[in-house]
Amino acid sequence: MASSAPPPKFPNYLPSSTKKRSEFADLPSIAPAGRSRRPSTVVIAGINGHPQINGSGALRVAFQGAPGAYSEFAAKTACPACATVPCRAFADAIAAVERGRADRVILPVESTMEGTALRNYDLLLRHDLRIVQEINLFVHYCLLAMPGVRPAELRRVISHPMALAHCGRALAQLGLRREPVEDTAGAVEMLLSNHLLDTAAIASPRAAVLYGLDVLAHGLQDESWNVTRFLLLSRTTPGPPQKPDGGGAGLKTSLVIAHRGSSMIALLKVLSSFSKRNINLTKLEVINSSNEGEAPVMILDVRGRGSLRAFPHVLYVDFEGSMEDSQVKEAIDEISSFSVFVRILGCYAADPSIYDLQ
Ligand SMILES: O=C(O)C(=O)Cc1ccccc1
């Protein structure tokens with residue numbers, strides 16, 4: 001598919017003021033479960049075929065949000081026969097995998113409009129999980145409201161912070177007050193269970209159908225090219241990564257590299273280790289927390305004593321190839337010789353497509 005994404009910016013999209021549903025002071029409390037129209041099962045057609053756990057049960061994929069969230073669609077795209085496990089927060093979704101209540105967890109990690117979701121990378125680094133697959137989805141946003149509500153009656157809009165950020169221009173034109181909540185489908189559920197007639201939600205057209213809400217506007221995102229990259233994580237490595245075409249190409253590896261001293265010198269050395277072996281980088285992000293007095297990046301040392309270690313300078317690198325390639329092995333050995341810490345976050349099939357979520 002087309003690949004002319006605009007250059008990513010790199011803010012952390014989650015504002016610290018993100019509200020939990022329980023903190024929504026001016027909203028009536030959420031209706032008891034019996035009154036909620038949250039569907040008990042969600043059936044979504046999958047798009048591509050991937051290995052499944054069969055027999056005793058479907059692969060269970062934890063995601064943050066209510067049924068109908070974009071992350072759930074990403075999970076179903078990656079594993080069409082999976083059973084999805086809704087979780088309130090990302091940390092809960094990760095805990096579900098760590099405690100064996102789910103087999104995989106799916107996280108949105110970057111978008112063409114907002115850049116890297118650093119918070120989600122932080123979560124990935126703090127836990128002993130491996131990336132087993134990536135999924136790219138086009139994300140289309142709709143403005144949803146309770147049946148019969150007219151646009152002029154709306155005063156505010158609630159949604160996931162990334163959705164609010166992606167639709168900034170349209171929302172400014174509509175003059176709606178923005179309030180972040182945990183996920184897009186959760187926002188829809190909140191409208192419904194609290195019968196909010198002055199509030200709209202930004203969510204997918206699927207969520208509108210699932211919950212029976214009206215779609216007041218389609219394609220609310222400021223940029224028509226709005227792709228979100230999700231990572232599927234597992235506690236264990238489920239065997240060698242499957243190449244997407246069954247051939248030799250299409251594997252990717254993700255690394256986090258920490259170093260002391262100048263991050264520029266380390267960056268140049270890392271780039272040289274890859275370039276002299278003709279290894280293609282697909283992502284490179286420098287986190288330098290020492291200058292602005294920010295908290296250091298905490299990384300779980302999965303090889304050592306399993307303890308969290310703090311680093312002021314970190315590089316995230318994704319590149320084409322896997323640990324099966326001798327050139328890749330050599331590059332990682334060289335990088336390890338001048339870095340204080342290197343962790344392989346996963347070798348996995350690169351997603352050759354961008355799936356369309358309508
Ligand atoms: O809130 C959701 O539905 C999510 O799955 C998180 C999200 C929000 C916006 C774009 C992609 C993922």
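Residues numbered from 1 in each chain as written. Predicted model: local features only at pLDDT ≥ 70, side-chain atom pairs only at ≥ 80, totals over all residues. Heavy atoms only, no water.

- Going by the annotation in an unreviewed UniProt entry, the name recorded for the protein is prephenate dehydratase, with Cocos nucifera given as the source organism.
- In its Pathway (unreviewed entry) section, the UniProt entry covering the protein states "Amino-acid biosynthesis; L-phenylalanine biosynthesis; phenylpyruvate from prephenate: step 1/1." (UniProt positions renumbered as here; feature names shortened; annotations may be inferred.)

1. Points about the site of the ligand
Here's step 1: Around the ligand, the neighbouring residues are Ala69, Tyr70, Ser71, Tyr141, His160, Met162, Asp183, Thr184, Thr228 and Phe230.
Here's step 2: At 2.6 Å, a side-chain N or O of serine 71 approaches an oxygen atom of the ligand.
Here's step 3: Between the ligand and threonine 184 there is a distance of 2.5 Å, counted from an oxygen atom to a side-chain nitrogen or oxygen.
Here's step 4: For the ligand, whose unbound accessible area comes to 320 Å², protein coverage reaches 100%.
Here's step 5: Mapped onto the shell around the ligand, the elements with two or more residues apiece are α1 (70–78) and β11 (227–234).
Here's step 6: Its residues assigned to classes, the shell around the ligand comprises five nonpolar, four polar and one charged.
Here's step 7: Viewed by domain, the shell around the ligand spans two of them, domain 1 (21–136 + 227–238) and domain 2 (142–217), each represented by three or more residues. (Near = heavy atom within 4 Å. Polar contact = N/O pair within 3.5 Å; in protein donor to acceptor, adjacent residues only side chain to side chain. Areas by Shrake-Rupley, 256 points an atom, 1.4 Å probe, with all protein chains shown as cover. Helix = DSSP H or I, 4+ residues; strand = E, 2+ residues; numbered from the N terminus. Nonpolar A, V, L, I, M, F, W, Y, C, P; charged D, E, K, R; others polar. Domains from an automatic or database assignment.)

2. Concerning the pairing of β11
Here's step 1: Counting buried residues in β11 gives eight out of eight residues, a clear majority hidden from the surface.
Here's step 2: Burial of β11 is two-sided: the residues Val227, Arg229, Leu231 and Leu233 facing one way and the residues Thr228, Phe230, Leu232 and Ser234 facing the other way are all buried.
Here's step 3: Direction of pairing for strand β5 (residues 130–139) relative to β11: antiparallel, over a ladder of eight bridges. Residue arginine 130 lies in a different strand from β11, and its bridge partner there is serine 234. (Buried < 20%, exposed > 50% of the residue type's maximum accessible area, 1.4 Å probe, protein only. Pairing = 2+ DSSP bridges.)

3. Some remarks on the sheet that holds strand β8 (residues 177–180)
Here's step 1: If you trace the five strands from one edge of the open sheet to the other, you get β8-β7-β9-β6-β10, paired in mixed fashion. The open sheet is flanked by β8 and β10 (214–217), the only strands paired with a single partner. The sheet shows a mean angle of 35 degrees between the axes of neighbouring strands, direction not considered.
Here's step 2: As judged from the three bridges shared by strand β7 (residues 156–159) and strand β9 (residues 199–203), these two strands associate in the parallel manner. By the bridge assignment for β9, valine 157 is matched with alanine 200.
Here's step 3: Lying over the sheet, helix α6 (residues 184–194) contacts β6 (142–145), β7 and β9, oriented at roughly 150 degrees with respect to β9. (Axes fitted to C-alpha atoms, helices over the stretch in contact; angles between N-to-C directions. Contact = heavy atoms within 4.5 Å.)

4. Topic: the side chain of asparagine 226
Here's step 1: Following the sequence through the fold, asparagine 226 ends up in the loop between β10 and β11.
Here's step 2: Once residues within four sequence positions are removed from consideration, asparagine 226 is found in contact with Thr112, Met113, Leu137, Phe138, Val139, Tyr141, His166 and Gln221.

5. Overview of the pattern of salt bridges
Here's step 1: With the rule as written, the count across this model stands at 16 salt bridges.
Here's step 2: For the salt bridge of lysine 283 with glutamate 110, the shortest nitrogen-to-oxygen distance reads 3.0 Å. In this pair, lysine 283 sits in strand β13 (residues 281–288) while glutamate 110 sits in strand β3 (residues 104–111), placing the two residues 173 residues apart along the sequence.
Here's step 3: Of the residues examined, lysine 283 reaches a relative accessible area of 8% and is grouped as buried.
Here's step 4: A relative accessible area of 19% places glutamate 110 in the buried class.
Here's step 5: Across the pair lysine 252 and glutamate 134 runs a salt bridge, and its minimum N-O distance is 2.9 Å. With a gap of 118 residues between them, lysine 252 in strand β12 (residues 251–259) and glutamate 134 in strand β5 connect regions that are remote in the sequence. (Salt bridge = Lys/Arg side-chain N within 4 Å of Asp/Glu carboxyl O.)

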